[in-house]
Amino acid sequence: ATERTLSIIKPDATNRNLTGKINAKFEEAGLRIVAQKRIKLSMEQAGQFYEVHKERPFYGELCEFMASAPVVVQVLEGENAVAKNREVMGATNPAEAADGTIRKEFALSIGENSVHGSDAPETAAQEIAFFFSGLEIVG
Ligand code: CMP
């Protein structure tokens, strides 16, 4: 089925001017960018977005990193978009990511791993609503 998922191009990638190269990977995989904006998250916004991880030891570091420089938030649409995006991103830890994936090619570490993608259709809906109003998504 046609799905939508929330993607974030993270500070390590925007710092290195990789937005276009990463978007090309999504488009080559058949994912359509139906909404996109470059924003700078506050610590509070980063903390709220990653609230599910707040008990994890890396939570503080994760929020500081996400608020350290601009991110590009985007809605990707396509057949099985959630799973397809996760395939294109590769494993969370770039050391474990398959050849040709975004994280294999561009990520620096498990924290500075260039992209975030929703992990399920239910979380995708919540994460999309966190950043976008319906009017901003043009399929
Ligand atoms: P993401 O998909 O954005 O969701 C949560 C993020 O936490 C994850 O990608 C990683 O970048 C980050 N993360 C996971 N494990 C660690 C870790 N051990 N140290 C630092 N960051 C981590």
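That block above? That's the structure.
Reference entry: report on the structure contained in this document. Just so it is clear, the model here is predicted, and its values are computed rather than measured.

Next up on the list: the site of the ligand. Close to the ligand lie Lys10, Tyr50, His53, Phe58, Glu61, Leu62, Thr92, Arg103, Ile110, Gly111, Asn113 and His116. Contacts to the ligand include Tyr50, whose side-chain N or O atom sits 2.6 Å from an oxygen atom. Between the ligand and His116, the relevant distance is 3.0 Å, taken from an oxygen atom to a side-chain nitrogen or oxygen of the residue. If the ligand stood free it would expose 460 Å²; the protein chains cover 79% of that surface. Across the shell around the ligand, the residue classes tally to four nonpolar, five polar and three charged.

By secondary structure assignment, the location of Glu127 is in helix α7 (residues 121–131). Beyond its immediate stretch of four places on either side in the chain, Glu127 contacts Leu6, Phe49, His116 and Ser118.

Now for the pattern of salt bridges. This structure, assessed with the given rule, holds five salt bridges. Its salt-bridge partner being Glu105, residue Lys25 comes within 2.8 Å of it at the nearest N-O pair. A residue pair is termed long-range when its members are at least 10 positions apart, and Lys25 in helix α2 (residues 19–28) and Glu105 in helix α6 (residues 102–106) qualify at 80 residues. Among the residues examined, Lys25 registers a relative accessible area of 16% and is labelled buried. The shortest N-O distance in the salt bridge between Lys37 and Glu136 comes to 3.2 Å. Residue Lys37 is located in strand β2 (residues 32–39), and its partner Glu136 is located in the segment after α7; the two are separated by 99 residues in the primary sequence. For Glu136, a relative accessible area of 37% puts it in the partly exposed group.

We now examine the sheet that holds β2. Here four strands make up an open sheet; going across it, the order is β2-β3-β1-β4 and the pairing antiparallel. The sheet is open, and its two borders are formed by β2 and β4 (115–117), each paired with just one other strand. Strand after strand, the sheet turns through a mean of 20° between neighbouring axes, direction not considered. Two elements, strand β1 (residues 2–9) and strand β3 (residues 71–79), share eight bridges in a ladder whose sense is antiparallel. Looking across to β3, one finds that Ile8 is bridged to Val73. Helix α5 (residues 81–89) rests against β1, β3 and β4 of the sheet, and its axis sits at about 35° to β1.

What counts and how
Residues numbered from 1 in each chain as written. Predicted model: local features only at pLDDT ≥ 70, side-chain atom pairs only at ≥ 80, totals over all residues. Heavy atoms only, no water. Near = heavy atom within 4 Å. Polar contact = N/O pair within 3.5 Å; in protein donor to acceptor, adjacent residues only side chain to side chain. Areas by Shrake-Rupley, 256 points an atom, 1.4 Å probe, with all protein chains shown as cover. Nonpolar A, V, L, I, M, F, W, Y, C, P; charged D, E, K, R; others polar. Helix = DSSP H or I, 4+ residues; strand = E, 2+ residues; numbered from the N terminus. Contact = heavy atoms within 4.5 Å. Salt bridge = Lys/Arg side-chain N within 4 Å of Asp/Glu carboxyl O. Buried < 20%, exposed > 50% of the residue type's maximum accessible area, 1.4 Å probe, protein only. Pairing = 2+ DSSP bridges. Axes fitted to C-alpha atoms, helices over the stretch in contact; angles between N-to-C directions.

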